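Here is how the chains run, residue by residue.
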Amino acid sequence: MRLLFLGDVVGRSGRDVVIENLPGLIERYRLDFVVINGENSAGGFGITEAICDDLLAAGADAVTLGNHSWDQREALIFIERQPRLLRPLNYPLGTPGRGASLYKARNGAEVLVMNAMGRIFMPELDCPFRAIDAELEACPLGMGADAILVDFHAEATSEKESLGLYLDGRVSCVVGTHTHVPTSDDRVLPGGTAYMTDAGMCGDYNSVLGMQPEEPLNRFLTRIPKGRMEPSMGPGTLSGFAVEIDPRTGLALKAQALRMGGVLRPIRVDFWEE
């Protein structure tokens, strides 16, 4: 089973590079399932229903969120009628939407996708470790689901690595989002879980985390905001994490970062080119 995860989509530049390239990637690599983090897709802050529909139409099977889930207020409403949009599952009881759901992949497999948010240097939410445990108890790998992907939207590398090791052997893939910079630690953990600390962003890397640099620089230099931060509009780089999963066990056989377009060094998925 072939799974692709794409990191935080930032603004129009990020949307364009995903919409332009994802259909071709699905065809080229015969992808069975695609997950995209879309929490910065609407002008860098949140997601709208129209943008969510565009990402799904491009080939995403699920769209995950994070700490900017509700920056576009309409998300509080349309998330209830869009089962393929997930917010962090460790939000308090009663928060609109859902944090985990089971989906049918193109090859017929049942894929459980979970979105959780870290607590270090982030808004205070319920424990992501315990929240994920509860979902796995209800739908364990190999019994309730053929494959399980966790998007962990977190700031601290230590928290991400800890969750990866905590879930090793119990899920197919743990991939980090939020920091917008791709890490070089893409690998399969000893227990068979694919892991990458951060998948990076889909957007313009000649920027400050996808935003035009003038306002971030001003805030660092003066501590006085002059205006709203705006997405950078240069050529986008598509950044993600590719995983091949053993259909017998639901665990990862191979895992590798993927990057294309824009300014970063491109990385193709070698093991799917064989």
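Conventions adopted
- Residues numbered from 1 in each chain as written.
- Predicted model: local features only at pLDDT ≥ 70, side-chain atom pairs only at ≥ 80, totals over all residues.
- Heavy atoms only, no water.
- Helix = DSSP H or I, 4+ residues; strand = E, 2+ residues; numbered from the N terminus.
- Rg over C-alpha atoms; globule rule 2.2 N^0.38 Å.
- Buried < 20%, exposed > 50% of the residue type's maximum accessible area, 1.4 Å probe, protein only.
- Contact = heavy atoms within 4.5 Å.
- Areas by Shrake-Rupley, 256 points an atom, 1.4 Å probe, with all protein chains shown as cover.
- Lys, Arg positive; Asp, Glu negative; His and termini not counted.
- Charge placed at Lys NZ, Arg CZ, Asp CG, Glu CD.
- Pairing = 2+ DSSP bridges.
- Axes fitted to C-alpha atoms, helices over the stretch in contact; angles between N-to-C directions.
- Phe/Tyr/Trp six-rings, centres within 6.5 Å; stacked < 30°, edge-to-face > 60°.
- Lys NZ or Arg CZ within 6 Å of the ring centre and 35° of its normal.
- Arc of directions from axis to C-beta.
- Disulfide = S-S within 2.5 Å.
- Salt bridge = Lys/Arg side-chain N within 4 Å of Asp/Glu carboxyl O.

Trainee: Explain the overall build of the protein here, please?
Mentor: When helices and strands are counted, the protein shows six helices and 14 strands. For a compact globule of 274 residues, the expected C-alpha radius of gyration is about 19 Å, and the protein comes in at 17 Å, within 12% of that figure. By principal-axis analysis of the C-alpha atoms, the protein measures approximately 55 × 45 × 35 Å. Every one of the 274 residues in the protein was classed for burial, and the buried ones make up 60%. Excluding contacts between residues fewer than 6 apart, the proportion of contacts in the protein whose partners are at least 24 apart in sequence is 62%. Here the protein has roughly 11,300 Å² of accessible surface; of this, 53% comes from carbon and sulfur atoms. Across the protein, the centroid of the 26 positively charged side chains sits 1 Å from that of the 37 negatively charged ones.

Trainee: In this structure, what is going on with the sheet that holds strand β4 (residues 62-64)? I would like to understand it.
Mentor: What links the strands of a sheet is backbone hydrogen bonding, and the strands pair in either a parallel or an antiparallel sense. If you trace the six strands from one edge of the open sheet to the other, you get β5-β4-β3-β1-β13-β14, paired in mixed fashion. Two strands close off the open sheet at either side, each with one partner strand: β5 (85-86) and β14 (252-260). Examined bridge by bridge, strand β1 (residues 2-6) and strand β3 (residues 33-37) share four bridges and lie parallel to one another. Each bridged residue has a counterpart across the sheet, and for L4 the counterpart in β3 is V34. In this fold helix α1 (residues 11-29) packs onto β1, β3, β13 (238-245) and β14, with an angle of close to 170 degrees to the strand it touches most, β1.

Trainee: Which parts of the structure should I look at to understand the packing of aromatic side chains?
Mentor: Aromatic rings in a pair are described by how distant their centres are and how their planes are angled relative to each other. Counting across every chain of the model gives five aromatic pairs. Aromatic side chains F33 and Y103 sit 6.3 Å apart centroid to centroid with 35 degrees between the ring planes, which places their arrangement in the tilted category. Of this pair, F33 sits in strand β3 while Y103 sits in strand β6 (residues 100-104), and the two are 70 residues apart along the sequence. Relative accessible area serves as the criterion here: at 0%, F33 is assigned to the buried category. Taken together, a centroid distance of 5.3 Å and an interplanar angle of 80 degrees make the contact between F271 and W272 edge-to-face. What links up through ring pairs into an aromatic cluster is the set Y29, F271 and W272. Its end group placed over the ring of Y166, R170 keeps NZ or CZ at 4.9 Å from the ring centre.

Trainee: Is there a simple way to explain helix α2 (residues 49-58) in this structure?
Mentor: Residues separated by three or four positions in an α-helix point in the same direction, a consequence of the helix having 3.6 residues per turn. The complete set of buried residues in α2 reads I51, C52, L55, L56 and A58. End-on, the buried residues of α2 take up no more than an arc of 160 degrees, which puts them together on one face. Away from the buried face of α2 by more than 90 degrees, exposed residues A50 and A57 are located. Just past α2, the residue G59 takes up positive phi, approximately 130 degrees.

Trainee: For this particular structure, what's the right way to read the state of the cysteines?
Mentor: Among covalent bonds in proteins, the disulfide is the one between the sulfur atoms of two cysteines. Evaluated as defined, the whole model comprises zero disulfides. The thiol sulfur of C52 is not disulfide-bonded, and the nearest other cysteine sulfur, from C202, lies at 15 Å. On the basis of relative accessible area, C52 is assigned to the buried category, the value being 0%. The thiol of C202 is unpaired, and the distance to the nearest cysteine sulfur, on C173, comes to 15 Å.

Trainee: Looking at this model, I keep getting lost on the pattern of salt bridges. Mind explaining?
Mentor: Opposite charge on two side chains makes pairing possible when the charged atoms of those side chains draw close. Enumeration according to the criterion identifies 11 salt bridges in this entry. E110 serves as the salt-bridge partner of K104, at 2.8 Å between the closest nitrogen and oxygen. Judged by its relative accessible area of 24%, E110 is partly exposed. With its nearest N and O atoms 3.0 Å apart, the salt bridge here joins D246 to R248. If you follow the salt bridges from partner to partner, you end up with R130, D133 and R170 in one network.

Trainee: Quick question: what am I supposed to make of helix α5 (residues 157-167) here?
Mentor: Regarding α5, the residues found buried are E159, K160, L163, G164 and L167. Looking straight down α5, one finds its buried side chains confined to an arc of 135 degrees; they lie on one side. Considering only its buried residues, α5 is in contact with α4 (128-138), β8 (147-153), β9 (173-177) and β11 (194-196). Just past α5, the residue G169 takes up positive phi, approximately 90 degrees.

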